[in-house]
Amino acid sequence: MRIIHATLITFGSSNLVIEDGGLRVENGIITWVGKTADLPAPEAAEEVLDARGQLVMPGNICSHTHFYGAFARGMALRGEPPKNFVEILEKLWWRLDKALLM
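Structural notes, computed from the coordinates. (Residues numbered from 1 in each chain as written. Predicted model: local features only at pLDDT ≥ 70, side-chain atom pairs only at ≥ 80, totals over all residues. Heavy atoms only, no water.)

**Here's the deal with the nonpolar core**
So, step 1. Core analysis: the largest hydrophobic core is formed by seven residues, namely I3, A6, L8, I18, L23, A51 and V56.
So, step 2. Taken together, the elements giving at least two residues each to this core come down to β1 (2-9) and β2 (17-26).
So, step 3. Of the residues forming this core, the biggest block, three residues, is contributed by β1. (Core = buried A, V, L, I, M, F, W, Y, C linked by side-chain atoms within 4.5 Å. Buried < 20%, exposed > 50% of the residue type's maximum accessible area, 1.4 Å probe, protein only. Helix = DSSP H or I, 4+ residues; strand = E, 2+ residues; numbered from the N terminus.)

Right under this line is the structure:
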């Protein structure tokens, strides 16, 4: 598979932004990254995805979690929804922390 006409963001030793970038994926592994115009000729019946300038970048995985957070997902909060992070702490997490300590 190849992705063409993307804005590629790389997180290597030198972070790059490649405008009109392309990449090739074989068996789940990225095997080529560069300008769309420089991509090697496609294989027969190779899938091509035109990103139309959209960002393509490595996935960011954050393994930081709090065990009880999994059980708080979808909890209803009374009143108006939180407007910012501090309100999320006040209306949900700090109240939950206190309840777990008791």
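From this point on, the discussion continues.
**Considering the environment of F11**
So, step 1. Looking at the element boundaries, F11 is found in the loop between β1 and β2.
So, step 2. A relative accessible area of 44% places F11 in the partly exposed class.
So, step 3. In this structure, F11 is in contact with M57, P58 and N60, ignoring residues within four places of it in sequence. (Contact = heavy atoms within 4.5 Å.)

**Focus on the pattern of salt bridges**
So, step 1. A complete count under the given rule lists three salt bridges for this structure.
So, step 2. When the shortest N-O distance is used, the salt bridge between E43 and R24 registers 3.1 Å. Here E43 is found in the loop between β3 (29-35) and β4 (48-50), whereas its partner R24 is found in strand β2, with 19 residues between them in sequence.
So, step 3. On the basis of relative accessible area, R24 is assigned to the buried category, the value being 10%.
So, step 4. Because the salt bridges share partners, they merge into one network encompassing R2, R24, E43 and E46. (Salt bridge = Lys/Arg side-chain N within 4 Å of Asp/Glu carboxyl O.)

**Description of the pairing of β2**
So, step 1. Pairing of β1 with β2 involves five bridges; the strand directions are antiparallel. Of the residues in β2, the one forming a bridge with I3 is L23.
So, step 2. Inspection of the sheet shows β2 paired to β3 by six bridges, in the antiparallel sense. From the neighbouring strand, V25 faces β3, where its bridge partner is I30.
So, step 3. Taken together, β2 and the strand that follows it, β3, pair antiparallel across an intervening segment of two residues, in which N27 is found at a positive phi of about 50°. (Pairing = 2+ DSSP bridges.)

**A word on the pairing of β1**
So, step 1. Counting buried positions along β1 yields seven of eight residues, so the element is predominantly enclosed.
So, step 2. Bridge count for β1 against β4 is three bridges, and the pairing is parallel. By the bridge assignment, R2 is partnered in β4 with V48.
So, step 3. Looking at chain direction, β1 and strand β5 (residues 55-56) are connected through two bridges and run parallel.

**Some details on a nonpolar patch on the surface**
So, step 1. Taken together, the side chains of F11, L55 and M57 make up a nonpolar region of the molecular surface, amounting to roughly 310 Å² of accessible area.
So, step 2. Inspection of the secondary structure puts M57 in the loop between β5 and α1 (69-72). (Patch = residues over 30% accessible without salt bridge, like charges linked within 9 Å, V, L, I, M, F, W, Y side chains within 5 Å. Areas by Shrake-Rupley, 256 points an atom, 1.4 Å probe, with all protein chains shown as cover.)

**Here we look at unusual backbone geometry**
So, step 1. Even without being glycine, H5 reaches a positive phi, approximately 55°.
So, step 2. Along the chain, H5 falls in strand β1.
So, step 3. Although it is not a glycine, A45 sits at a positive phi angle of roughly 60°.
So, step 4. Within the secondary structure, A45 is located in the loop between β3 and β4.
So, step 5. Looking at A45, the relative accessible area reads 86%, which means it is exposed.

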